[in-house]
Amino acid sequence: QVQLVESGGGLVQAGGSLRLSCAASGSIFSINAMGWYRQAPGKQRELVATITSGSSASYSYPVKGRFTISRDNAKNAVYLQMNSLKPEDTAVYYCICNVDVFPFEYWGQGTQVTVSS
C-alpha cells in the first residue's frame, strides 16, 4: 500500500507564494513520472506540471514562468513552488506518481489552495 501525503496548501493573497509538498510512503519501487493536477469548482481537472525520473519538467501554459516543480528521489517526494499566485489558481491540488505495478498510478488526497484578491 502506498500513501501520498500532501502539505503546504492554504489561503494566500494575490501575488503571494505557496510551496506544496507531497511525499510517498509504503511499498514503493520504480517510481516514474510525478506531477500535480488541480481542479477548480465547476471545472475539469487539469494537469499543472509533471516531472520525469530524470527531473525533466513540463508545465501547463497558465502556470509557466510562475510555478516550479521539483522532486527528491531519495525521499520519494515531489514539490510545487507557486509564485505570483492569481485568484484563478484557486483549486484543489492533487499530487500523482506513476509506478510500474498495479494500480500504476497513485493520487494524493488533495490540498486546497485559495488565492484571494
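Higher on the page you've got the structure.
The text that follows walks through the structure, step by step, so that each part is easy to find. As the structure is a computational prediction, the values presented were derived from the model and not from experiment.

Thresholds applied
- Residues numbered from 1 in each chain as written.
- Predicted model: local features only at pLDDT ≥ 70, side-chain atom pairs only at ≥ 80, totals over all residues.
- Heavy atoms only, no water.
- Buried < 20%, exposed > 50% of the residue type's maximum accessible area, 1.4 Å probe, protein only.
- Helix = DSSP H or I, 4+ residues; strand = E, 2+ residues; numbered from the N terminus.
- Pairing = 2+ DSSP bridges.
- Lys, Arg positive; Asp, Glu negative; His and termini not counted.
- Salt bridge = Lys/Arg side-chain N within 4 Å of Asp/Glu carboxyl O.
- Polar contact = N/O pair within 3.5 Å; in protein donor to acceptor, adjacent residues only side chain to side chain.
- Contact = heavy atoms within 4.5 Å.
- Core = buried A, V, L, I, M, F, W, Y, C linked by side-chain atoms within 4.5 Å.
- Disulfide = S-S within 2.5 Å.

Okay, the pairing of strand β8 (residues 77–82) next. In terms of burial, β8 is a largely internal element, five of the six residues being buried. Bridge count between strand β3 (residues 18–26) and β8: six bridges; the pairing is antiparallel. Note on β8: the bridge partner recorded for Cys 22 is Val 78. Sheet topology note: the strand β7 (residues 67–72)/β8 ladder contains six bridges and is antiparallel. If you follow Phe 67 over to β8, its bridge partner there is Met 82. Here β7 folds back onto β8, and the loop between the two strands holds four residues, one of which, Asn 76, carries a positive phi near 50°.

Relative to the assigned elements, Glu 6 resides in strand β1 (residues 2–7). Here Glu 6 sits buried without a salt bridge, and the closest side chain of opposite charge, Arg 45, lies 9.3 Å off (N-O distance). A polar contact of 3.4 Å, which involves the side chain of Glu 6, links it to the backbone nitrogen of Gly 110. There is a polar contact of 3.2 Å between the side chain of Glu 6 and the backbone nitrogen of Thr 111. Beyond its immediate sequence surroundings of up to four residues, Glu 6 is in contact with Ser 21, Cys 22, Trp 36, Tyr 93, Tyr 94, Cys 95, Gly 108, Gln 109, Gly 110 and Thr 111.

A general trend in soluble globular proteins is that nonpolar side chains are found buried together. Core analysis: the biggest nonpolar cluster contains 29 residues, and Trp 36, Val 48, Phe 67, Val 78, Leu 80, Met 82 and Tyr 93 have the highest contact counts within it. Taken together, the elements giving at least two residues each to this core come down to β1, β3, β4 (34–39), β5 (46–51), β7, β8, β9 (91–98) and β11 (111–116). Beyond its immediate chain neighbours, meaning those up to four positions away, Val 48 contacts Trp 36, Tyr 37, Arg 38, Ser 58, Tyr 59, Ser 60, Val 63, Phe 67, Leu 80 and Tyr 93.

In this section: the state of the cysteines. On inspection of all chains with the given rule, the structure shows one disulfide. Disulfide pairing is shown between Cys 22 and Cys 95; the S-S distance is 1.9 Å. Here Cys 22 is found in strand β3, whereas its partner Cys 95 is found in strand β9, with 73 residues between them in sequence. The buried category is assigned to Cys 95, whose relative accessible area is 0%. Considering cysteine sulfurs only, Cys 95 is the nearest to Cys 97, which forms no disulfide, with 7.2 Å between them.

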